[in-house]
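# Summary of structural features
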Amino acid sequence: MQHNPFYAPAALSGTAFEDLLATFHSQVPTFKASPPSPRQSFRWKSDVAAWPGVGVFRRNRYTADWAVTKRANDEHLSIILPIAGVADATIGTRASTAPPLTALLAPTSLSHHIKLRCVDGEYASVTLMFDVEVVSRVLSATFDVAKLSKLDLTPILDLSTGAGATFNLLAQTIASGVLDARLFERSPLAMSLLVESALRLIFEHVPHRLSFRLNRDRLQPAPRYVRRAVDFMHANMHQPLTMIDIAEAAGISVRSLQAGFRKFKDTTPAAYLRQIRLDAVHAELSLSENRLPVGEVALKWGFTQMGRFAAQYHARFGHYPSEMLMRTR
């Protein structure tokens, strides 16, 4: 979805494929579509809405096959849950088929081609589109990385498994909360937690390149000195910290600190400190009440070289800090 804080629920329908494209292009502007065969009659309907972090397309129904092609260009994650018919997809280099009771995972960091194929004259689905910001936030909390492209997610989740059934329930609850019950109006925090829980479930249970780290971390929790170093960084990240400062606070040598972070955090202490500082800048720039310019916010959280800061921010969140500021004003 576009970065609107809220897109009011709308029940849309029609018989012209051009109208369908106009509706979807207003929310997902960078895809190309292959239309249905002119020999087939075509009807469509969809309930559409957006909440910060997620867009919802529910009760999608089509009476003829059509396809969507998207080039790799950002770090969103689209998840399609077919109800009737089949989604035939090529995600990156992987070919997959998603029938009912599965979910198709289509990260837009990979090029993909998806054909929505009718069975018995109908295709129906629910689609959730998770924004870059919420994807990055959950990835950072889970793996200390913010790039979805680092994962190479397996494209199919079986909804008959325990994790799949739980995700399906979360997806339906999110869709209902945005479109029907208007849960976001009464409890925006609950909606945010639902969205993040759904993503965390995906990242923890769908196989990908970093899955081994989940098992490793469960079997080998970080030792106390690493946790002390992490706590010290979070409490003092606005200060001009050195690795010696952090090592002394953790009660170990700089060399042991470096080795501990590589083993248990798969990063360096300096990179970890930079990540949490970038997260702090991002959180502050995301506040509608923030009136400070980007440079002052960056300095506040320890960044002194603005060019390097902007490049690091873009690498972590997929957009520049000035763009984030424009969205909130």
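Residues numbered from 1 in each chain as written. Predicted model: local features only at pLDDT ≥ 70, side-chain atom pairs only at ≥ 80, totals over all residues. Heavy atoms only, no water.

## Some remarks on the overall build of the chain
Secondary structure assignment for the chain yields 13 helices and twelve strands. On C-alpha atoms alone, the chain measures out to a radius of gyration of 22 Å, which is about the 20 Å that the 2.2 N^0.38 rule sets for 329 residues. Each principal axis of the C-alpha atoms in the chain carries an extent, and together these give about 75 × 45 × 35 Å. Buried positions account for 47% of the 329 residues belonging to the chain. Long-range contacts, defined here as pairs at least 24 residues apart, represent 72% of the contacts in the chain between residues at least 6 apart. (Helix = DSSP H or I, 4+ residues; strand = E, 2+ residues; numbered from the N terminus. Rg over C-alpha atoms; globule rule 2.2 N^0.38 Å. Buried < 20%, exposed > 50% of the residue type's maximum accessible area, 1.4 Å probe, protein only. Contact = heavy atoms within 4.5 Å.)

## Quick word on the pattern of salt bridges
Here the structure, examined in full by the defined rule, presents nine salt bridges. Two residues, Arg59 and Asp47, come together in a salt bridge whose shortest N-O distance is 2.6 Å. Here the residue Arg59 occupies a position in strand E4 (residues 54-62), and Asp47 occupies one in strand E3 (residues 44-51), the gap between them amounting to twelve residues. A single salt-bridge network, built from bridges that share partners, covers Asp47, Arg58 and Arg59. (Salt bridge = Lys/Arg side-chain N within 4 Å of Asp/Glu carboxyl O.)

## A word on the side chain of His282
With respect to the helices and strands, His282 occurs in helix H10 (residues 269-285). Residues within four places of His282 in sequence aside, it is in contact with Glu133, Tyr313, Phe317, His319 and Met324.

## Re unusual backbone geometry
At Leu101, a position not held by glycine, the phi torsion is positive, near 70°. A relative accessible area of 56% means that Leu101 is categorised as exposed. Its identity is not glycine, yet Asp152 carries a phi of approximately 55°, on the positive side. For Asp152, the location among the structural elements is in the loop between helix H2 (132-143) and strand E12 (156-158). Since its relative accessible area comes to 25%, Asp152 is described here as partly exposed.

## Topic: the packing of helix H7 (residues 224-236) against helix H8 (residues 243-250)
At a minimum axis distance of 8 Å, the contact between H7 and H8 shows a crossing angle of 125°. One way to sum up the angle between H7 and H8 is to call them oblique. Crossing geometry of H7 relative to H8 is assigned as right-handed. Between H7, through Tyr225, Arg228, Ala229, Phe232 and Met233, and H8, the contact on the second element is made entirely by Asp245, Ile246, Ala249 and Ala250. (Axes fitted to C-alpha atoms, helices over the stretch in contact; angles between N-to-C directions. Parallel < 35°, antiparallel > 145°, perpendicular 65-115°, else oblique. Left-handed = near helix turned anticlockwise from the far one by under 90°.)

## Let's talk about the nonpolar core
Burial of nonpolar side chains together is a common tendency in soluble globular proteins. Counting 39 residues, the largest nonpolar core has Phe130, Phe167 and Phe203 as its most contacted members. Of all the secondary structure elements, the ones that give two or more residues to this core are E3, E4, strand E6 (77-84), strand E9 (102-107), strand E11 (123-130), H2, helix H3 (162-179) and helix H5 (188-205). Beyond its immediate stretch of four places on either side in the chain, Phe130 contacts Gly53, Val54, His76, Leu77, Ile79, Val135, Val195, Ala198 and Leu199. Residues Met233, Ala250, Phe303 and Tyr313 belong to the second largest nonpolar core, which totals 31 residues. (Core = buried A, V, L, I, M, F, W, Y, C linked by side-chain atoms within 4.5 Å.)

## Here we look at the sheet that holds strand E8 (residues 94-98)
Strand order in the open sheet formed by five strands is E2-E5-E10-E7-E8, and the pairing between neighbours is antiparallel. Because the sheet does not close on itself, it has two edges, and the strands there are strand E2 (31-34) and E8. Pairwise comparison of adjacent strand axes, ignoring direction, gives a mean angle of 15° for this sheet. Relative to E2, helix H1 (residues 17-25) is tilted by about 165°, and along the sheet it contacts E2 and strand E5 (66-70). (Pairing = 2+ DSSP bridges.)

## Here's the deal with the environment of Lys263
Within the secondary structure, Lys263 is located in helix H9 (residues 254-264). Using a relative accessible area of 46% as the deciding quantity, one classes Lys263 as partly exposed. Between the alpha carbons of Lys263 and Thr161 there is a distance of 32 Å; along the sequence they are 102 residues apart.

## Overview of the pairing of E6
When you tally the buried positions in E6, you get seven out of eight residues, the bulk of the element. Alignment of E6 against E9, held across four bridges, turns out to be antiparallel. Counterpart to Leu77 in the pairing with E9 is Pro107. Relative to E11, E6 is paired through seven bridges, and the arrangement is antiparallel. Note that in E11 the partner of Pro82 across the bridge is Ser125.

## Let's talk about the environment of Ala280
For Ala280, the location among the structural elements is in helix H10. Look at Ala280 and you get buried, because its relative accessible area is 12%. For the pair Ala280 and Met237, spaced 43 residues apart in the sequence, the C-alpha separation amounts to 9.1 Å. Every residue in contact with Ala280, bar those within four places of it in the chain, is listed here: Met237 and Trp301.

## Overview of the side chain of His112
For His112, the location among the structural elements is in strand E10 (residues 112-117). Excluding anything up to four places from it in sequence, His112 contacts Val68, Thr69, Lys70, Thr90, Ile91, Ala106 and Pro107.

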